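Breakdown of the fold
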Amino acid sequence: MKVVIAGAGLGGLCLAQGLLARGVEVVVYERDASLSSRRQGYRIHVDGDGDRALAATLPAHLYALFRATAYEPAPRTPVFDHRLRQLAVLETAGSGRHLAVNRLTLRQILAYGLGGVVRFGRAVDGYAVDGERVSVRLSDGTVDGADVLVAADGVHSAVRREYLPQQRIVDTGVVQVYGKVPLDDATRELLLPAMYAVFTPVTGPDGGYVGIGPVDHPESPADAAARLAPGLTLLETDDYVTVSYGARRETLPGLRGLDGAALRRLVLERTEGWHPRVRGLVERWRPDEVFPLTLRSCVPIAPWRPSRVTLLGDAVHAMSPAAGAGANTALRDAAALSTALGTADDGSVRTAIAGYEAAMVEYGFAAVRRSGLNGTRVLGQDPLPAD
């Protein structure tokens, strides 16, 4: 069996590792020129589902490296107002440990050993199914053949647009400005002890909010890589705090035209009168690491007829970050699909995909709905449209 994966995000790389471990031929096509060529966010919350998926798909030494580079925050979400008066403490749902990891670090770990598998600078633009084979059309005009095509190419998936044209992707009405702050002696003084948690929202009087999440590595990632994967040079190894600002889109127009310094000035204007600790974190944003992002979500749809084409992660169940479930659900997809395909033969591929999709549709769209409800309640997002 040969599997072509569209997209080298977390889910696509995790699936590739799981399939290779099961002896399946796999090729990953990625639009970007490299893992680090585009900002996709900083800190990721990995819950029990994500942790179990990584344990099931990664070689033992790479899973050990993931755990060695993951920070274990307090498993709760303290909520503060803009003057840092604590309003609530929300316990984090789910079984297993809750971890925080740098996105690029995890992506590098997932890509390690896949040098002959991942083809950068080439995107999957479409496909055609002919009996039991899939012809995969690539952005450079070439075609590759596969037994299975997996769309792991994110919220703007070209494969999903062709395969599931009935699915809608909607703007949630909220935009965020992401930044990061070095975690050093000065910035540690700005964090309350309760902020070393899974996530800390600070809510403003006008509906805006600041989100705080530290990545305080238990061991130097460079030392951990030297010990567990000597050939891997991690690109980002410093401790830091993700500090984001979110608000309704109508209050933050024109973000795409602003550079990092201008975005920082705008957020400082929006947080005038907030507690000095919060503003002190925003003031320490590095302009070259600040970028805006529009929050989007899919609208769940009814199950579809399985075929030799399937999907995982944001390509099928993109969701608001309000439940911290997007990356974890993609990793869960990858582990489940690698198991299904790894145990299938040519005559049972469709049955294996059908079983995977039946479960994925249930838990994936449940996570979309949960994230939508949380986003409406906490972040001021538009309600998720009816199915």
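Residues numbered from 1 in each chain as written. Predicted model: local features only at pLDDT ≥ 70, side-chain atom pairs only at ≥ 80, totals over all residues. Heavy atoms only, no water.

The name recorded for the chain in an unreviewed UniProt entry is Monooxygenase, from Actinocatenispora rupis.

**Here's the deal with the nonpolar core**
Within the largest apolar cluster, 85 residues are counted, with the highest numbers of intra-cluster contacts made by Ile5, Leu54, Phe66 and Trp304. Broken down by element, the residue count for this core peaks at ten residues, all from helix H12 (residues 349-379). With 32 residues, the next largest nonpolar core counts Leu84, Met195, Ala247 and Leu255 among its residues. (Core = buried A, V, L, I, M, F, W, Y, C linked by side-chain atoms within 4.5 Å. Buried < 20%, exposed > 50% of the residue type's maximum accessible area, 1.4 Å probe, protein only. Helix = DSSP H or I, 4+ residues; strand = E, 2+ residues; numbered from the N terminus.)

**As for the packing of aromatic side chains**
Scanning the entire structure with this criterion turns up five aromatic pairs. A ring pair is formed by tyrosine 42 and tyrosine 240, whose centres lie 6.4 Å apart and whose planes are at 70°; its orientation type is edge-to-face. One end of the pair, tyrosine 42, is in the loop between strand E2 (25-30) and strand E3 (43-46); the other, tyrosine 240, is in strand E15 (residues 240-248), and 198 residues separate them in sequence. With respect to class, tyrosine 42 is no different from tyrosine 240; both count as buried. Ring geometry for tyrosine 42 and phenylalanine 291: centres 5.8 Å apart, planes at 65°, overall edge-to-face. Residue tyrosine 42 is located in the loop between E2 and E3, and its partner phenylalanine 291 is located in strand E16 (residues 291-298); the two are separated by 249 residues in the primary sequence. Exposure class is identical for tyrosine 42 and phenylalanine 291. Each is buried. Each residue in the set Tyr42, Tyr178, Tyr240 and Phe291 is aromatic and connected to the rest through ring pairs, giving one cluster. It is lysine 180 that lies over the ring of tyrosine 240; its NZ or CZ is 4.2 Å from the centre. The aromatic ring of tyrosine 363 is capped on one face by arginine 332, whose charged end is 3.8 Å from the ring centroid. (Phe/Tyr/Trp six-rings, centres within 6.5 Å; stacked < 30°, edge-to-face > 60°. Lys NZ or Arg CZ within 6 Å of the ring centre and 35° of its normal.)

**A closer look at the packing of helix H3 (residues 60-68) against helix H7 (residues 221-228)**
At a closest axis distance of 10 Å, the pairing of H3 and H7 adopts a crossing angle of 165°. It follows that H3 is roughly antiparallel to H7 by the angle criterion. Our pair here, H3 against H7, has a crossing hand that is right-handed. Of H7, the residues touching H3 (which contributes His61, Ala64, Leu65 and Ala68) are Ala224, Ala225, Arg227 and Leu228. The residue inventory of the contact of H3 with H7, partitioned by class, reads six nonpolar, one polar and one charged. (Axes fitted to C-alpha atoms, helices over the stretch in contact; angles between N-to-C directions. Parallel < 35°, antiparallel > 145°, perpendicular 65-115°, else oblique. Left-handed = near helix turned anticlockwise from the far one by under 90°. Contact = heavy atoms within 4.5 Å. Nonpolar A, V, L, I, M, F, W, Y, C, P; charged D, E, K, R; others polar.)

**Brief notes about the sheet that holds strand E11 (residues 148-151)**
Ordered by their spatial adjacency, five strands build an open sheet running E7-E2-E1-E11-E17, and the pairing between neighbours is parallel. Two strands bound the open sheet, and with one partner strand each, they are strand E7 (118-120) and strand E17 (309-311). Going across the sheet, the axis of each strand differs from the next one's by a mean of 20°, ignoring polarity. Taken together, the three bridges between E2 and E7 define a ladder with parallel strand orientation. Residue pairing for E7: glutamate 30 is matched across the bridge by phenylalanine 120. Sitting on the sheet, helix H1 (residues 10-21) touches strand E1 (2-6), E2, E7 and E11, and the angle it makes with E1 is about 165°. (Pairing = 2+ DSSP bridges.)

**Some thoughts on unusual backbone geometry**
Glycine aside, residues mostly have negative phi angles, and peptide bonds mostly take the trans form. Non-glycine residue leucine 84 carries a positive phi angle of around 60°. The topology assignment puts leucine 84 in the loop between strand E4 (76-81) and strand E5 (86-91). For leucine 84, a relative accessible area of 12% puts it in the buried group.

**Some remarks on the UniProt feature "domain: FAD-binding" (unreviewed entry) in the chain**
UniProt's feature table lists "domain: FAD-binding" (unreviewed entry) at residues 2-186 and 302-348, given in the numbering used throughout. Across residues 302-348 one finds 45% helix and 6% strand; the C-alpha atoms that close the span lie 23 Å apart. (UniProt positions renumbered as here; feature names shortened; annotations may be inferred.)

**Side note on the pattern of salt bridges**
Throughout the structure, instances matching the rule amount to 24 salt bridges. We note a salt bridge from aspartate 147 to arginine 133, for which the minimum N-O separation is 3.2 Å. Of this pair, aspartate 147 sits in the loop between strand E10 (143-146) and E11 while arginine 133 sits in strand E9 (residues 133-138), and the two are 14 residues apart along the sequence. Owing to a relative accessible area of 12%, aspartate 147 belongs among the buried residues under this scheme. (Salt bridge = Lys/Arg side-chain N within 4 Å of Asp/Glu carboxyl O.)

**Concerning the side chain of threonine 77**
Topologically, threonine 77 is positioned in strand E4. Setting aside anything within four residues of it in sequence, one finds threonine 77 in contact with Ala88, Val89, Leu90, Thr92, Phe199 and Pro201.

**Topic: the sheet that holds E10**
Reading across the sheet, the three strands line up as E8-E9-E10 and stay open at both edges, with antiparallel pairing between neighbours. Each edge of the open sheet is held by one strand with a lone partner, namely strand E8 (124-130) and E10. When strand polarity is set aside, the average angle formed by the axes of neighbouring strands in this sheet is 25°. As defined by bridge partners, E9 adjoins E10 across four bridges and the pair is classed as antiparallel. Its bridge partner lying in E10, arginine 137 is registered against valine 143.

**So, helix H8 (residues 260-270)**
The α-helix advances 3.6 residues per turn, and as a result positions three or four apart in sequence lie on the same side. Every buried residue belonging to H8 is among Gly260, Ala262, Leu263, Leu266, Val267 and Leu268, and all of these are buried. Buried residues along H8 sit against strand E12 (169-182), E15, helix H9 (276-283) and E16.

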